[in-house]
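Chain and residue survey
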Amino acid sequence: MEGSGQALARRLRALRTQRWPHSRISQERLARALGVSAPLISSFESAKDPKTPRPARLDAYATLFCTERSLRDGDLRPLALDELTAEEHHAREELRRELLDLRAAAVGDTARAPERPAANLWDFGDGNQITLVCARLPPTMLARMPYVEPDDPDYIELYTYADLDALFELHGHIRAFNPGSEVRRRTPPDLEPDDLTAHLVLLGGIDWNEITTDVLKRLDLPVEQVTDWESGAPPYFLAGGERHCPRLDGGVLYEDVALFYRGPNPLNRKRTLTICNGMYGRGTLGAVRALTDTRFRDRNSAFLRERFAGEASFGVLSRVSIVKGLALTPDWTQKESRVFEWPE
């Protein structure tokens, strides 16, 4: 009877010999592509006593075999993560999960240790509900806006949302990467219990989004958002014993500070919690675009994977530059862009 270790070995052997039948991939050729020895590849594929690869090695298998573009110019070599298309990222993540599941069975770890962040953090990959929560604009602002009363024939519900640009950016991205999931958008007054125990994405901070305030009280984060608008004192994030403030000149915002956090949902540990929160709306947008902007999302995702491998929760506090009123996407691979991160 085939054991779980043999099942993983058989799958790895099938990837090498059957993934692309028109191209013969020897153990030596695969070893060169992965930067290991041929005997190690042989030990992974052994039918009698296979060696179980480390998770990072299975990541490398998934990167190599997620796309036939790994075969190029008569050579076999994996593409960099930022070279993969959205479809290839999805294929890579599916293959990676399959191999990690086989590995978990092989080592008898049914609970499975925390993994690296996924190649695309907005691809939740399980078909479960995803809830995006934005603050509702306060009544004083709504009173100055048209089309926000339900009795108005031209009523537009989205006009009542804060952080609308961040919501618009993220909603389409999440729908594209999770076609089998129900994606709901909510303001706090509209939430139902099932919304809160789904994959939960919170946009905006503690001023207007009371769900962000509530959830933060349940977490022991090393970052605190501090605001006191009535006193006129500048807002800031307190992290690492230092204040990290946005930059304004004559009331014009030139640089915001934004928080990105990912961890288990404290209201349902089998789902995730994500927080994108700036001191101002453009900071929130910058935190979102760090992982949606096609020019930066792959490198930022790769940074998270390498930086926070094995961590169940993590966060990055970063600068978001504003040029002519436009929020620029932060590049987390640049140290000067990050002001604080954890775990250390």
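Since the model is a prediction, treat every value here as computed from it, not as a measurement.

It is worth spelling out the pairing of strand S10 (residues 252-265) at this point. Of all 14 residues in S10, 12 are buried; the element is thus mostly enclosed. Hairpin geometry of strand S9 (residues 247-249) and S10 is characterised by an intervening segment of 2 residues between the two adjacent antiparallel strands and by a positive phi of about 65° at Gly250. Two elements, S10 and strand S12 (residues 314-323), share 8 bridges in a ladder whose sense is antiparallel. Looking at S12, one finds that Val257 is bridged to Arg319. Judged from the 8 bridges that link them, S10 and strand S11 (residues 268-278) form a sheet pairing that is antiparallel. Bridging across to S11, Arg262 finds its partner in Thr274. The antiparallel hairpin formed by S10 and S11 contains 2 residues in its connecting segment.

A separate point is the environment of Glu28. Tracing the backbone shows Glu28 in helix H2 (residues 27-34). Owing to a relative accessible area of 44%, Glu28 belongs among the partly exposed residues under this scheme.

This next bit is on the domain arrangement of the protein chain. Looking at the protein chain, the domain boundaries give domain 1 (4-107) and domain 2 (130-342). Centre-to-centre, using C-alpha coordinates, domain 1 lies 36 Å away from domain 2. At the junction of the two partners, domain 1 supplies 8 residues and domain 2 supplies 6 residues. At the boundary of domain 1 with domain 2, total buried surface from both sides reaches about 560 Å², with 50% on carbon and sulfur atoms. Three residues, Leu81, Asp82 and Ala86, lead the burial of domain 1 against domain 2; their summed loss comes to 57% of the area buried on that side. Between Arg305 and Asp59 there is a salt bridge, with its nearest N and O atoms 2.8 Å apart. Viewed at the interface, domain 2 and domain 1 are joined by 2 residue pairs in polar contact (both at pLDDT 80 or more).

Definitions and limits used
- The numbering scheme is per chain: residues are counted from 1 as the chain's sequence reads.
- The predicted nature of this model means local features are confined to residues of pLDDT at least 70 and side-chain atom pairs, given and counted, to a pLDDT of 80 or more, with totals for whole chains, interfaces and linings taken over all residues.
- In computing side-chain values, all of the structure's heavy atoms are included and hydrogens and water are not.
- Exposure categories follow from relative accessible area, calculated using a 1.4 Å probe and restricted to protein chains: below 20% of the type maximum is buried, above 50% is exposed, and the middle band is partly exposed.
- Each helix corresponds to a stretch of at least 4 residues labelled H or I by DSSP, and each strand to a stretch of at least 2 residues labelled E; elements are numbered beginning at the N terminus.
- Strand pairing requires that DSSP identify at least two bridges connecting the strands.
- These domain boundaries are the output of an automatic or database domain assignment.
- Contacts are assigned to residue pairs with any non-hydrogen atoms lying within 4.5 Å of each other.
- Two parts lose some accessible area (1.4 Å probe) when they are put together, and adding that loss for both gives the buried area.
- Should a side-chain nitrogen of Lys or Arg be within 4 Å of a carboxyl oxygen of Asp or Glu, the pair is scored as a salt bridge.
- Polar contact is the term for a pair of N or O atoms within 3.5 Å; when the atoms are in protein, one must be able to donate a hydrogen and the other to accept it, and sequence-neighboring residues count only if both atoms are side-chain atoms.

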